[in-house]
Amino acid sequence: MFDMSERSESAGVPGSGLVKGLAVTLKTMTKRSTTQQYPDVAPELPPRSRGVIALLEENCTVCMLCARECPDWCIYIDSHKEEVAVPGAARPRQRNVLDRFDIDFSLCMYCGICIEVCPFDALYWSPEFEYAEYDIKDLLHDKDHLGEWMVTVPPPPAHDRNGEPAKEETAAARKATIPAAPAARPNTPGVRPERAPAARPTASGGTSGPAAPSDGKPAAQAGGAEAGDDEGTPA
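Residues numbered from 1 in each chain as written. Predicted model: local features only at pLDDT ≥ 70, side-chain atom pairs only at ≥ 80, totals over all residues. Heavy atoms only, no water.

Here the focus is the nonpolar core. Of all hydrophobic cores here, the largest spans 27 residues; its most connected members are Ile53, Ile75, Ile77, Phe101, Ile103, Phe105 and Leu123. The dominant element in this core, judged by the number of residues it contributes, is strand β1 (residues 52-55), at four residues. When sequence neighbours within four positions are dropped, the list of residues in contact with phenylalanine 101 reads Leu55, Cys60, Cys66, Ile75, Tyr76, Ile77, Leu123, His141, Asp142, Lys143 and Leu146. (Core = buried A, V, L, I, M, F, W, Y, C linked by side-chain atoms within 4.5 Å. Buried < 20%, exposed > 50% of the residue type's maximum accessible area, 1.4 Å probe, protein only. Helix = DSSP H or I, 4+ residues; strand = E, 2+ residues; numbered from the N terminus. Contact = heavy atoms within 4.5 Å.)

In structure tokens form, the structure reads like this:
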């Protein structure tokens, strides 16, 4: 059975709990208040705050990785293909053109997976969080609305000197050390390159190429004329 003496010892002096609570109150009353007067004073947010997702449309290649990896299925993308004529190519190439890129922030749980899997840096975190709406349908931001958040994206932090270099810097340094290959001669389509004339066997067993006469006569006629001149010349 429960002993009443143990209960009285655990309870202590009557009113001690009230005194302890008032002591905490008096202690905090003597300190300066740290309350931020929002919205009159903007809060100081950490540099990596997850406020809203911004879209850089020029970098988007419609690879659909963000929409596939989104656990909430709150990203909607539509596109079409266009042919682009490339000078010197045998046929025109095709590229994807972004028609629709919407994010439903009423479903988004701000996990950041879409930003991490984007291979072309088309999505960024913005610390802006003041985009509440009276209608939940207005939380569906289209590509134009998402593009407006790009001006609020903070610049990336400076790289740590003691850390590993970025992949882009390593690739650029490796590319700079590789010597440039000599430029190939352009080949005109439909024109075959000229070939050197084949060597002809001589009486002595050697080979000799035909001499190109300056007056347009064949090599045999030019050689015969020279021989006739030598025979007609008196010694």
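Take the layout of surface pockets next. When its volume is computed, the largest pocket comes out at roughly 760 Å³. As for the largest pocket, its lining consists of 20 residues, of which Arg48, Ile115, Tyr124, Trp125 and Pro157 are closest to the centre. Secondary structure elements with two or more residues in the lining of the largest pocket: α4 (113-117) and β4 (123-126). Among the elements that take part in the lining of the largest pocket, β4 stands out by supplying four residues, more than any other. Class assignment of the residues belonging to the lining of the largest pocket gives a composition of 13 nonpolar, three polar and four charged. (1 Å grid on protein atoms, 1.4 Å probe; cavity = no way out; pocket = protein on both sides within 12 Å on 5 of 7 lines; lining within 4 Å. Points joined across faces, edges and corners; volume = space filled by probe spheres on them. Nonpolar A, V, L, I, M, F, W, Y, C, P; charged D, E, K, R; others polar.)

For the coordinates displayed, the defined rule picks out four salt bridges. Note that lysine 143 is salt-bridged to glutamate 57, the shortest N-O span being 3.3 Å. With lysine 143 in helix α5 (residues 143-148) and glutamate 57 in the loop between β1 and α3 (65-69), this residue pair connects regions lying 86 residues apart in the sequence. Judged by its relative accessible area of 18%, lysine 143 is buried. Judged by its relative accessible area of 32%, glutamate 57 is partly exposed. Note that glutamate 82 is salt-bridged to arginine 95, the shortest N-O span being 3.7 Å. Taken together, the positions of glutamate 82 in strand β2 (residues 75-84) and arginine 95 in strand β3 (residues 93-104) put the pair 13 residues apart, joining distant regions of the chain. On the basis of relative accessibility, which here comes to 33%, the residue glutamate 82 falls in the partly exposed class. Classification of arginine 95 as partly exposed rests on a relative accessible area of 45%. Through salt bridges with shared partners, one network takes in Asp78, Arg100 and Asp102. (Salt bridge = Lys/Arg side-chain N within 4 Å of Asp/Glu carboxyl O.)

The next subject is the environment of valine 151. By the secondary structure assignment, valine 151 is in the loop between α5 and α6 (167-177). Owing to a relative accessible area of 73%, valine 151 belongs among the exposed residues under this scheme. In the structure, valine 151 is positioned 25 residues away from serine 126 in sequence and 8.9 Å away in space, judged by C-alpha atoms.

A few words now on a nonpolar patch on the surface. The grouping of Tyr38, Leu45 and Phe129 at the surface amounts to a nonpolar patch, some 290 Å² of accessible area in total. Looking at the element boundaries, tyrosine 38 is found in the loop between α2 (16-29) and β1. (Patch = residues over 30% accessible without salt bridge, like charges linked within 9 Å, V, L, I, M, F, W, Y side chains within 5 Å. Areas by Shrake-Rupley, 256 points an atom, 1.4 Å probe, with all protein chains shown as cover.)

This brings us to the sheet that holds β3. Ordered in space as β2-β3-β5, the three strands form an open sheet in which the pairing is antiparallel. With one partner strand each, in any of the chains shown, β2 and β5 (140-141) form the two edges of the open sheet. One ladder, built from two bridges, connects β3 with β5; its direction is antiparallel. Residue aspartate 104 lies in a different strand from β5, and its bridge partner there is leucine 140. (Pairing = 2+ DSSP bridges.)

Attention shifts here to the confidence of the model for the protein chain. Looking at the protein chain as a whole, its pLDDT mean stands at 80, while 71% of the residues score no less than 70. Confidence over residues 219-235 falls short of pLDDT 50; this stretch has one contact with residues more than four positions distant or in other chains. (pLDDT = per-residue confidence, 0-100.)

Structurally, serine 49 can be placed in the loop between α2 and β1. One polar contact links the side chain of serine 49 to the main-chain carbonyl oxygen of proline 46, over a distance of 2.7 Å. The contact partners of serine 49, leaving out residues within four places of it in the chain, are Trp125, Ser126 and Pro127. (Polar contact = N/O pair within 3.5 Å; in protein donor to acceptor, adjacent residues only side chain to side chain.)

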